[in-house]
Amino acid sequence: MSPEQTPAPSVALPPRSTAEATASKKPPVWSLTASATQTQPPLPAKCDRHITGREGVCCKELKGEDERTLVDPDVVRDVVIGLSDGLTVPFALAAGLSSLGESKLVIVGGIAELIAGALSMGIGGFLASQAERDHYRYLRKTTSARVLRSCEGEMEREVHAVLGPVGVDEKTCSMVAQCLRDVEVNTADEREPGGEASSARSISTDTESGLRWSKSVGLSAFLLKFGEGLEEVPTRRLYISAFTIGMGYFLGGLIPLLPYFFEPVAHKALVWSCVVTGIILLIFGAVKARVTGAAGRGIGGYVYGAVSTLLVGGAAAAAAYGLVAALES
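Below or above, wherever it landed, is the structure these notes cover. (Residues numbered from 1 in each chain as written. Predicted model: local features only at pLDDT ≥ 70, side-chain atom pairs only at ≥ 80, totals over all residues. Heavy atoms only, no water.)

### Considering the packing of helix α5 (residues 170-184) against helix α7 (residues 219-227)
Step number 1: Packing of α5 against α7 brings their axes to within 7 Å, and their N-to-C directions diverge by 120 degrees. Relative to α7, the element α5 lies oblique. Listed contacts from α7 to Leu-180, Arg-181 and Glu-184 of α5 are Leu-219, Ser-220 and Phe-222.
Step number 2: Its residues placed into classes, the contact of α5 with α7 shows 3 nonpolar, 1 polar and 2 charged. (Axes fitted to C-alpha atoms, helices over the stretch in contact; angles between N-to-C directions. Helix = DSSP H or I, 4+ residues; strand = E, 2+ residues; numbered from the N terminus. Parallel < 35°, antiparallel > 145°, perpendicular 65-115°, else oblique. Contact = heavy atoms within 4.5 Å. Nonpolar A, V, L, I, M, F, W, Y, C, P; charged D, E, K, R; others polar.)

### Describing the pattern of salt bridges
Close approach of charged atoms allows side chains of opposite charge to pair.
Step number 1: Under the criterion given, the structure shown has 8 salt bridges.
Step number 2: One salt bridge in this structure joins Glu-232 and Arg-140, with 3.0 Å as the shortest N-O distance. With a gap of 92 residues between them, Glu-232 in the loop between α7 and α8 (235-262) and Arg-140 in helix α3 (residues 103-149) connect regions that are remote in the sequence.
Step number 3: Looking at Arg-140, the relative accessible area reads 17%, which means it is buried.
Step number 4: Ionic contacts of the salt-bridge type, sharing partners, join the residues Arg-77, Asp-78 and Arg-237 into one network. (Salt bridge = Lys/Arg side-chain N within 4 Å of Asp/Glu carboxyl O. Buried < 20%, exposed > 50% of the residue type's maximum accessible area, 1.4 Å probe, protein only.)

### Topic: α5
Step number 1: Taking 1.5 Å per residue as the helical rise, α5 with its 15 residues ought to reach 21 Å, and the 21 Å between its terminal C-alpha atoms agrees with that figure.
Step number 2: Within α5 the residues assigned to the buried category are Cys-173, Ala-177, Leu-180, Arg-181 and Glu-184. Mapping the buried residues of α5 onto a view down its axis gives an arc of 100 degrees, with all of them on the same face. Opposite the buried face of α5, by more than 90 degrees, sit the exposed residues Lys-171 and Met-175.
Step number 3: Its side-chain oxygen 3.1 Å from the backbone nitrogen of Lys-171, Asp-169 forms the N-cap of α5. (Expected span 1.5 Å × (residues − 1). Arc of directions from axis to C-beta. Polar contact = N/O pair within 3.5 Å; in protein donor to acceptor, adjacent residues only side chain to side chain.)

### Side note on the packing of aromatic side chains
Step number 1: Within this structure, the stated rule accounts for 2 aromatic pairs.
Step number 2: Each ring, one from Phe-222 and one from Phe-226, has its centre 5.2 Å from the other, and the planes form 45 degrees; the classification is tilted. Separated by 4 residues within a single helix, Phe-222 and Phe-226 lie in helix α7, roughly one turn from each other.
Step number 3: Under the relative-accessibility criterion, Phe-222 is labelled buried at 11%. (Phe/Tyr/Trp six-rings, centres within 6.5 Å; stacked < 30°, edge-to-face > 60°.)

### Comments concerning a nonpolar patch on the surface
Step number 1: A grouping of Val-271, Trp-272, Val-275, Ile-279, Leu-282, Ile-283, Val-287, Ile-299, Val-303, Val-307 and Leu-311 is seen on the molecular surface, where their side chains present a nonpolar patch of about 1000 Å² in accessible area.
Step number 2: Secondary-structure elements contributing two or more residues to the nonpolar patch are α9 (266-292) and α10 (299-328).
Step number 3: Take Leu-282: it is sitting in helix α9. (Patch = residues over 30% accessible without salt bridge, like charges linked within 9 Å, V, L, I, M, F, W, Y side chains within 5 Å. Areas by Shrake-Rupley, 256 points an atom, 1.4 Å probe, with all protein chains shown as cover.)

### Concerning the nonpolar core
Step number 1: Ala-94, Val-106, Tyr-249, Leu-257, Tyr-260 and Leu-270 are the most contacted members of the largest nonpolar core, which totals 16 residues.
Step number 2: Taken together, the elements giving at least two residues each to this core come down to α2 (73-97), α3, α8 and α9.
Step number 3: If we ignore the near neighbours within four places in the chain, the residues touching Tyr-260 are Ala-94, Ala-95, Ser-98, Ser-103, Val-106, Ile-107, Ala-266, Ala-269, Leu-270 and Ser-273.
Step number 4: Val-147, Val-159, Leu-163 and Leu-219 belong to the second-largest nonpolar core, a separate cluster that totals 10 residues. (Core = buried A, V, L, I, M, F, W, Y, C linked by side-chain atoms within 4.5 Å.)

What follows is the structure, given as structure tokens:
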């Protein structure tokens, strides 16, 4: 070490026992208040677990009273769409065919409708997710091109339009815009030795270098995610959506048809179909409230989810049955 160089200031690490050091493979952390120097600890190492009263517990390890991992909302949406249609459409069809008097005809017609409906719903889910993905990719392409050709001031204004309403000042927005643009675009060669930006060199450098990092980071991804509320739709999502909606429709449609397999008289089977479908709608509403977090902490959320699902599904089935009865008369 040369005489001109000064050693880096040392930062006191919290004491750790031998057993704790061998049992845990986590990196050491700096206390926010017990530093020997004024050197700021690195962001991943900041922790306040060493203050009095915390007893060595990190805030990331603290759990709330009703904190749990929820199901992916996209999957929940597809399940709700499939099951809701499956519980309603085949039930209305079975109710209309029950006027023929034989359960065999109801079963044949219901199964045919189930297969066709499940395929149609699955294809619809696939095409909808594909259209969403293609729309995002088009907007990402146009937004990236706009970032490359726009000046810093315009990008700062767009970032401030997103962050300003939540309380971020203009100076911080300018810093965020510059950081995100540097992540996305290699601007090292855009500056002249004196610090001035050369527009001619900027255009050629941007055109040749383009994006430097992944398409999920940078200013374009920020503007799309927080400005437009859009995110990349992975390809596997297309197949998951198709399978979830199609199977949800098929399984949901089997429930109103089950009584017809055991009761040869269609009118009697219709009564049992109404009872079974109502019970399943109640259970489905309660489970949906649980997995989506809408139930909250009390039992009232489960009751509301179950009753609201029953009323909506029952109203749709009753309307369909009434229209069929009106057409017959």
